[in-house]
Structure formats: structure tokens, C-alpha cells
Amino acid sequence: ALRERTVTDLGRAGALVLLLLVPTLRGAIGIPDAAARVAERDRALTALDRVLHGRKVAATKPRIALMTREPPMTESFLISILLTNNRPVPDRLFESLRHGGFDLVVARREATTYRGVPTLHPKVKAAISSAYQPHCVHSDLLVLLPNRLDQDGVLVEDLEAIGCRPVVPASEKVAVSW
């Protein structure tokens, strides 16, 4: 009877070890994939940082805004909350966006919301859209360039060099819904 109990206890212990180890091992197997994704994201951000350096940039994503020398806004979601609640927001932000005061605008490729509030308020998007047009997509980011005819050729070449893919009609591969 003691021997049967020992075998049963060992069986239970083995099953418990398997139940604890299998998810851990599955997670460990996925670590190299996650590390590769992080490394790729880091390479993409480093390349974008080189393009943004020395240029006047408006970014609606905080990580990108903080990469610039003088960000006009660092948290577009806060601006969205303020506008949604009819709180004042500096007019100079909208004026500089409407008048094309930036070399480029970097926004999220896809429209997002958090708890029902858009991360980019329609008023900010309208100000951007009035002076900028989507040019290319880099990772999960949309790069918009001014509507003016005299585009900065060096900037366009720099964006192409880092793999920024041109925005095309919705029927094509790189469509956006920002």
C-alpha cells in the first residue's frame, strides 16, 4: 500500500511539474520571436530618428514627439480629452498645423480610441489634413508632408531610404485609416 501511494504521489508530482513547466517553456520558446520584434522596432525608430533630426516635426504619438527637438504637442490624447470636455487648448497649435509650419507630421497609421475617446481629436486631424497629405507608412506610423508644390526632395529621399512605403488608394496594400 505504501508503494502504491508513493507511485501515485510521484505521478501527481510529475503532472504538477508538467502543468507548471509547459506554459513556461512555451513562453521561453516565444522569447526569441519577441526579442526579434523588439530589435526590429528599435531599428525602425532609430532610422526614423535620423530622418527627424534637425527638422520641424509635429507628432501625434508621444514616443515620436519626444524624439523631436521642439515638439508642439507631446500627448495628443490629452488634447483630445481637453477638446472633448470643452477645455481650452492653445490656438497656436492649430494655427501652425493649418499653415503648414512643420516639415512633416507623424501620426498613428490607424485611428485609435481609449475608453471611447479618440487618441487624435477630429479638430486636430482636420487642422493637419488642411495643410498636409499622407505620404508614406513606416512601421505603424503615417508620415504626412505639406501640401505645397516645392516638396523637400532630401526629406522624401530620406523617408524612402528607411523603407517608408508610399501611401496608395485604399484598394492597394498600404492603405491608412488615420
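That block above? That's the structure.
Overview of the structure. All figures in this text were calculated on a predicted structure; none of them were measured in a lab.

Observations concerning the state of the cysteines
If you walk through the whole model with that rule in mind, you get one disulfide. At a sulfur-sulfur separation of 2.0 Å, the disulfide partner of C136 is C164. Its S-S torsion of about 90° marks the bond between C136 and C164 as right-handed, since a negative value means left-handed. One end of the pair, C136, is in strand β5 (residues 132-138); the other, C164, is in the loop between α6 (153-161) and β7 (165-166), with 28 residues separating them in the sequence. Both residues of the pair, C136 and C164, belong to the buried class.

Regarding the sheet that holds β7
Pairing between sheet strands relies on hydrogen bonds along the backbone, with the strands arranged either parallel or antiparallel. Pairing is mixed in the open sheet, where five strands are placed in the order β1-β2-β6-β5-β7. The sheet terminates laterally at β1 (57-59) and β7, the two strands that pair on one side only. Pairing geometry for β5 and strand β6 (residues 141-146), over six bridges, is antiparallel. Following the sheet pairing, C136 is matched in β6 by V143. Strands in contact with helix α5 (residues 122-131) are β2 (104-108), β5 and β6; relative to β5, the strand with the most contacts, it is inclined by about 100°.

What counts and what doesn't
- Residues numbered from 1 in each chain as written.
- Predicted model: local features only at pLDDT ≥ 70, side-chain atom pairs only at ≥ 80, totals over all residues.
- Heavy atoms only, no water.
- Disulfide = S-S within 2.5 Å.
- Helix = DSSP H or I, 4+ residues; strand = E, 2+ residues; numbered from the N terminus.
- Buried < 20%, exposed > 50% of the residue type's maximum accessible area, 1.4 Å probe, protein only.
- Pairing = 2+ DSSP bridges.
- Contact = heavy atoms within 4.5 Å.
- Axes fitted to C-alpha atoms, helices over the stretch in contact; angles between N-to-C directions.

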